[in-house]
Amino acid sequence: MALILTSQQVKALDQTLSEKGLLEVTVENAGRSVAEALHRHFPDSRVLVVAGKGFNGADAVVAARHLLALGHEITVLAHQEAHQDSLKKLQVFTKTFPLTVDQVRHHMAKNDVVLEGLLGTGFQPPLSAEYAALIEALNMSLKPVVSIDLPSGVRADVPERPELAVRATRTFALAGLKPCHLFEPASEWAGETELLSIGVPGQYTHQFTSTHTVEPSDVQQWLPRRNQNAHKGSAGEVWVLGGRSGMTGCVALSTLAALRTGSGLVRHSSVVPVEHAPAETISHALQDWSEVKDLPFKGAVAVGMGLGDQAEDIAAMVLEKHLPTVVDADALQTSLRGKGHERTIFTPHPGEAARMLETDVAEVLSDPLGAVRTLQKQYGGVVVLKGGPTTIATKQTTWVNTSGNPGMASAGMGDVLAGIIASLLGQGLSAKHAALSGVYLHGRAGDLCFERHHYGLQASDVAHAVGPAWHALLHGE
Ligand SMILES: NC(=O)C1=CN([C@@H]2O[C@H](COP(=O)(O)OP(=O)(O)OC[C@H]3O[C@@H](n4cnc5c(N)ncnc54)[C@H](OP(=O)(O)O)[C@@H]3O)[C@@H](O)[C@H]2O)[C@@H](O)CC1
Ligand SMILES: Nc1ncnc2c1ncn2[C@@H]1O[C@H](COP(=O)(O)OP(=O)(O)O)[C@@H](O)[C@H]1O
Ligand SMILES: [K+]
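Because the structure is a prediction, the values reported are computed rather than measured.

The rules we used
Residues numbered from 1 in each chain as written. Chains lettered and ligands numbered in written order. Predicted model: local features only at pLDDT ≥ 70, side-chain atom pairs only at ≥ 80, totals over all residues. Heavy atoms only, no water. Pairing = 2+ DSSP bridges. Helix = DSSP H or I, 4+ residues; strand = E, 2+ residues; numbered from the N terminus. Near = heavy atom within 4 Å. Polar contact = N/O pair within 3.5 Å; in protein donor to acceptor, adjacent residues only side chain to side chain. Areas by Shrake-Rupley, 256 points an atom, 1.4 Å probe, with all protein chains shown as cover. Nonpolar A, V, L, I, M, F, W, Y, C, P; charged D, E, K, R; others polar. UniProt positions renumbered as here; feature names shortened; annotations may be inferred. Core = buried A, V, L, I, M, F, W, Y, C linked by side-chain atoms within 4.5 Å. Buried < 20%, exposed > 50% of the residue type's maximum accessible area, 1.4 Å probe, protein only. Contact = heavy atoms within 4.5 Å. Domains from an automatic or database assignment. Buried area = accessible area lost by both parts, 1.4 Å probe. Donors = N, O, S within 2.8 Å, 3.2 Å for Na, K, Ca; no water. Tetrahedral: all angles 85-135°; square planar, octahedral: opposite > 155°, others 65-115°.

Student: Please explain the sheet that holds strand β5 (residues 145-148) as it appears in this structure.
Tutor: Whenever strands of a sheet pair, they do so through backbone hydrogen bonds, lying parallel or antiparallel. Ordered in space as β3-β2-β1-β4-β5-β6-β7, the 7 strands form an open sheet in which the pairing is parallel. This sheet does not close on itself; its edge strands, each paired only once, are β3 (97-98) and β7 (192-196). Looking at chain direction, strand β6 (residues 170-174) and β7 are connected through 5 bridges and run parallel. Bridged to Thr171 within β7 is Thr193.

Below is the structure:
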């Protein structure tokens, strides 16, 4: 499981390691991990190492020593205030040069790859003129640039567009991922991100954060299992409430997704005929939405897709029944604040999240992890803030999903997600496990479809791919 750390949490971890006398060995581990990873990606390369004055620079200096031991030819440019202990140990084996723009330009051409450790989680804008000039020089490189922990100039916690930052080919994140590795636009500066160990056990680092990635190995364990004698009455039921004139496709997609996720029985209700709902579904037509209160619900409910103005009242009515419920789309309104219970899952996209938080989309996107936590605090239940990537919050924990792709930016994709999650709720999963497994499976199904349809993939393709994605997940494919 990849932990996600903010710069404050890194600071707290550093502080504790320092108090326990472990900081030095940790920096040694970090530098060694970086060197070994660089060696794997760029064997036999000549490496230009640039080291700033903080611990990010110390990592670079230690990495340089290990690169030498791994047989690389290296040139090290170190800031005059670079970590002196590490520098002295390196200088036993090689000389180093001062860190200036001229030196960067001079040595860049003679090397195959640049390893930069200028600024890490300790960076606070604005960039000094000295570092700005160094970053500009590095960005002129025609050679691959590898960043230690994060691209220098990017703020670890804020995924906004940096004013000026290293454009890395590859980034080796240390100890945990930082928000800047996960969310656009900042993540674009990191290139390919790989998480490296700094030799601190995950269980220990876990004290400092309650945010991590959704792991396939966890989802595997949570997904429902079926007995040989299963029948449609034992395989879970879902009831979809949604649709209005001209907007019935969402109900068709949610019901299809619920069936494709394994629900034994899928029903739907609307005040208009739902065209194109799968033949396997049962329709309970309504004259008026108020009839919802008398429907004989069983299993899970998904409410809101395409329902229109009345969605919030219908959702409130359903929430009072304390059923396992997915609240989606039009139902995601401020009147539902505080109404989520332990079996509720809210599934806003950033626009709906902004409406629920009474803010704007830019604010939500500037801190998706903060936004999903605030939504959970205000609304209760489990909150799924959709996006690339999706974040999920329960009262205690926040997750970032690892599956999915930009081909999924297509209408109806959220309706399919709501159907998948409702199906898992109906099959007996807790709200937490249904939300996490549903989001992961949805993305994984999307990834299978992407191979075939690329940007042309449709929401219904994803629904049809849930079974294959589930199968692949269970069989470790
Ligand atoms: N627990 C872990 O995960 C471990 C983390 N480790 C590593 O430590 C890194 C964090 O180290 P860190 O705290 O020393 O910060 P870092 O990023 O090197 O920057 C601080 C320096 O930058 C400077 N500086 C700041 N802003 C600036 C600006 N605008 N313009 C110019 N300069 C600016 C600032 O200078 P000052 O402002 O103090 O003069 C200070 O000297 C982390 O990313 C990881 O690589 C590992 O070693 C092992 C364990
Ligand atoms: N770039 C992307 N990467 C990963 N997942 C994505 C991406 N774009 C969209 N998705 C997923 O597709 C779904 C879109 O949901 P939503 O915006 O509610 O669609 P709709 O309202 O059309 O049904 C979400 O689950 C989202 O996470
Ligand atoms: K860096």
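Next, the rest of the story.
Student: Can you help me understand the site of ligand 1 in this one?
Tutor: Looking at ligand 1, there are 24 residues lining it, with Asp59, Gly120, Gln124, Pro126 and Asp149 nearest. Separating an oxygen atom of ligand 1 from a side-chain N or O atom of Asn56 is a distance of 2.8 Å. One nitrogen or oxygen atom from the main chain of Gln124 is found 2.6 Å from a nitrogen atom belonging to ligand 1. When isolated, ligand 1 has an accessible area of 940 Å², and the protein chains bury 80% of it. Looking at the shell around ligand 1, the elements with two or more residues in it are α1 (7-19), α2 (23-41) and α3 (55-69). Split into classes, the residues belonging to the shell around ligand 1 amount to 12 nonpolar, 8 polar and 4 charged.

Student: Is there a simple way to explain the UniProt feature "domain: YjeF N-terminal" (unreviewed entry) in the chain in this structure?
Tutor: In the numbering used here, UniProt assigns the feature "domain: YjeF N-terminal" (unreviewed entry) to residues 10-206. Between the C-alpha atoms that bound residues 10-206 the distance is 11 Å, and the span itself is 42% helix and 17% strand.

Student: Would you take a moment to explain the nonpolar core for this structure?
Tutor: The tendency in soluble globular proteins is for nonpolar side chains to be buried as a group. Ile345, Val384, Ile392, Val416 and Ile421 are the most contacted members of the largest nonpolar core, which has 52 residues in total. For Val384, the contacting residues outside a window of four places in its chain are Ile345, Phe346, Thr347, Pro348, Thr390, Thr391, Ile392, Leu417, Ile421, Ala435 and Val439. Of all hydrophobic cores here, the second largest spans 34 residues; its members include Leu295, Val301, Ala315 and Val364.

Student: Even after reading the chapter, I still don't get the environment of His212, so can you show me in this structure?
Tutor: Relative to the assigned elements, His212 resides in strand β8 (residues 211-213). For His212, a relative accessible area of 6% puts it in the buried group. Counting along the chain gives 210 residues from His212 to Ala2, while the straight-line C-alpha distance between them is 5.7 Å. In terms of polar contacts, His212 uses its side chain to reach the side chain of Trp399, at 3.4 Å.

Student: Looking at this structure, I do not really get the domain arrangement of the chain. What am I missing?
Tutor: It is common to report an interface's size as the accessible area lost on association of the parts. Assigned domains within the chain: domain 1 (7-209) and domain 2 (216-474). When each unit is reduced to the centre of its C-alpha atoms, the spacing between domain 1 and domain 2 is 41 Å. Across the contact, 5 residues belong to domain 1 and 7 residues belong to domain 2. Buried area between domain 1 and domain 2, both sides added, is near 490 Å², and the carbon and sulfur share of it is 77%.

Student: Explain the coordination of the potassium ion (ligand 3) here, please?
Tutor: Put simply, a metal with four donors set out as a tetrahedron has ideal angles of 109.5 degrees, and one with six donors set out as an octahedron has ideal angles of 90 or 180 degrees. Around the potassium ion (ligand 3), the protein contributes the donor atoms Asn56 (OD1), Glu116 (OE), Leu119 (O), Ile148 (O), Leu150 (O) and Ser152 (OG), at 2.6 to 3.2 Å from the metal centre. Around the potassium ion (ligand 3) sit 6 donor atoms, and with donor-metal-donor angles ranging over 62 to 175° the site reads as irregular. Binding-site remark: the potassium ion (ligand 3) is held by donors from one chain whose sequence spacing is N-x59-E-x2-L-x28-I-x1-L-x1-S. Here Glu116 is found in strand β4 (residues 113-117), whereas its partner Ser152 is found in the loop between β5 and β6, with 36 residues between them in sequence. Glu116 sits in the buried class, given a relative accessible area of 0%. Ser152 gets classed as buried once you look at its relative accessible area, which sits at 0%.

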